[in-house]
Structures are given as structure tokens and as C-alpha cells.
Amino acid sequence: MATYDITTDALVIRAVEQGEHDRLLTLLCPKEGRITVIAKGARSLRNKLMSPCRAFVWGNFELHYKGDMAWVRDASVIKTFPALEKDIELIYLAQYISDVSCELSGQGEPAGELLPLVLNTFHALCSDKYDRALVKAAFELRAAAISGYLPELGECIRCEKQDSLAFYLDVMGGGIVCSECIASSPELPEAEIPVDSFGMRSIILPISPTVLAAMRYVVSAPLKRLLSFGISSEVDKKTFCRAAETYVLNHLERGFASLRLYHELSE
Ligand SMILES: [Zn+2]
């Protein structure tokens, strides 16, 4: 069996206890993408792996491969996100962001912009400067956009018109639809979409010009300025957050326990 070692920076997006002493980690790495590794002894207080081999740690990892299996040989912490370990609402939110990243990343495929996006999002969640709900929504939309689900927000996906009295987000159609096309179609815009509504054939959400502008900004802004936007109206903010969440869940075709727990605490 081939054995080899690699050293990589990585974000721990999941840490599951295994047996009495070990942890099974899911790492998101720049080049190797998502990998699963065993951290032997990481549950023991005096073990050198205990501190770096925890969820939401950005660290440097020395990995030993034997065939398809990998073990952590050594690891060190580069950065931790203390608020994501203390605030229960943030713990679930960080877990949800990690779960979505896990779904959107591939084994052996470079993580591309997804990794800096998750790191930026964790950083923003630890800062008082940003609105938590907007940080979450910006992550959801941007993560979907860079992972093959970029919504068409420039023109109506049915008639290609760029101007309309009002636009709607056609979640499963992957873009906006103008009010004229909606008026001549049999579907009705949804007033209330339950959180776990994925798998529906048609979800049409009314979006205001402010919400559309925010969505356009989030899918195209440079990553460093991703959160340099604001939404003043509470109604628009709610619509924006609901649109982003509905969009990513429906394209992933699943829900997440972490998200349900986050909503229970934040509402
Ligand atoms: Zn149209």
C-alpha cells in the first residue's frame, strides 16, 4: 500500500469523537479540497493534537497517508474563532456553514473561493461589526454562486427583459422572473415558504429592488468587500435572508439539523 505525507493548511469543518481517545476530522484544504482524517489521541487532555484538532480551527496539518486512509501526524493552530465556541447560537450557525461547505466541496478538488469565503464568514461572525443574519445570507448566496448555482439576476430568465415593475426570484429556475411573465403564468408567488421546503417544484419569491440589488452585489463583489452592503428596511432584510436560505437549500436538495437548531435559538 502506498504511503506518503503531505503538509497543508486546513480548516476543521467537522470533528466527530471516535472511541475514547480519537477524533475523526473533516478538513477543508486549499489544494486537496475536503478530506477526512483520523486524529489519534486528540481527545486526551495532554495530547499535542487536542488543541488544533477541534471544529472551526484554522491550522497547519501534517498528514500521513496509507492508501486511502489519512492520519494527523502533527498539527498546529494558526487561528481560532473563540466566539464560535462560546455562543450557542453561533456554534449552530458555524456548524451549518460547515455543513453547507461540506456539501459544496469535493474530495480531491481544490476548494477555490469556498475556503476563504468560510474563513471570512467565521471572522465576520466573531466581530460585532456585522449583522449575523446578513452574514449568513451573504455566505449562502455566495457559496451557491461559486459552486455551480450562480443565479441569473441580470434579466428575466423567461423573456430576457432587464426592466420590470417588479421582479420575483424563481428559486428552482435559478434566476429572476419579471412581473409580466408571472402575470401570464399559472404559478402564484409564495407568500410563506416553510424552512424545510426543499424539493418543491416551483418556489417563486417576490423581491424588492433593494433585495435584488443586495443579491446582485453579493454574487459579484470582491470577496474582501462581500459584507460592505446594508439593508435598512426590516422587511427587505427578512426577504433577502429567506431568499438566500431557500435558494441554497433547494439547490442542495436537503435541510440541516444545525440550521433548525440555529433557527430555534435565533427566532
Ligand atoms: Zn419576463
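Here is what the cut-offs are and how they apply
- Residues numbered from 1 in each chain as written.
- Predicted model: local features only at pLDDT ≥ 70, side-chain atom pairs only at ≥ 80, totals over all residues.
- Helix = DSSP H or I, 4+ residues; strand = E, 2+ residues; numbered from the N terminus.
- Buried ≥ 20, exposed ≤ 12 C-beta atoms within 10 Å, placed from the backbone.
- Contact = placed C-beta atoms within 7 Å.
- Domains from an automatic or database assignment.
- Pairing = 2+ DSSP bridges.
- Core = buried A, V, L, I, M, F, W, Y, C linked by C-beta atoms within 7 Å.
- pLDDT = per-residue confidence, 0-100.

**A look at the overall build of the protein chain**
Helix and strand counts for the protein chain come out as eight helices and eight strands. For the protein chain, buried positions account for 38% of its 267 residues. Pairs at least 24 residues apart make up 59% of the contacts formed inside the protein chain by residues separated by at least 6 positions.

**Quick notes on the environment of phenylalanine 256**
With respect to the helices and strands, phenylalanine 256 occurs in the loop between helix H7 (234-252) and helix H8 (257-266). Given 20 C-beta atoms within 10 Å, phenylalanine 256 falls into the buried group. Spatially, the C-alpha atoms of phenylalanine 256 and valine 100 are 8.5 Å apart, while their sequence positions differ by 156 residues. The residues contacting phenylalanine 256, other than those within four sequence positions of it, are Tyr96 and Asp99.

**Regarding the domain arrangement of the protein chain**
Under the domain assignment used here, the protein chain contains domain 1 (3-80) and domain 2 (101-266). Distance from the C-alpha centre of domain 1 to the C-alpha centre of domain 2: 32 Å. Elements represented by at least two residues in the side of domain 1 that touches domain 2 include exactly strand E1 (3-18), strand E2 (22-29) and strand E3 (33-39).

**Re the pairing of E3**
Where E2 meets E3, seven bridges bridge the pair, whose relative direction is antiparallel. Paired with leucine 27 across the strands is isoleucine 35, a residue of E3. Taking the residues between adjacent antiparallel strands as the criterion, E2 and E3 are bridged by three residues.

**Observations concerning the nonpolar core**
As a rule of thumb, soluble globular proteins bury nonpolar side chains together. Ranked by internal contacts, the top residues of the largest apolar core, which has 79 residues, are Leu11, Val12, Leu27, Cys53, Ala138, Leu141 and Ala243. Both domains that meet at this core, namely domain 1 (3-80) and domain 2 (101-266), each give it at least three residues.

**Description of unusual backbone geometry**
Look at glutamate 160: it is not a glycine, yet its phi comes out positive at around 65°. Take glutamate 160: it is sitting in the loop between helix H4 (132-149) and strand E6 (167-170). With 10 C-beta atoms counted inside 10 Å, the residue glutamate 160 sits in the exposed group. Its identity as a non-glycine residue notwithstanding, glutamate 253 has a phi of 55°, on the positive side. Topologically, glutamate 253 is positioned in the loop between H7 and H8.

**A closer look at the confidence of the model for the protein chain**
When the pLDDT values of the protein chain are averaged, the result is 93; 94% of them are 70 or greater. Ranking the elements of the protein chain by mean pLDDT puts helix H5 (residues 179-183) last with 90 and helix H3 (residues 114-125) first with 98. Of the regions scoring below 50 in pLDDT, residues 191-196 engages in five contacts with residues more than four places distant in sequence or in other chains.

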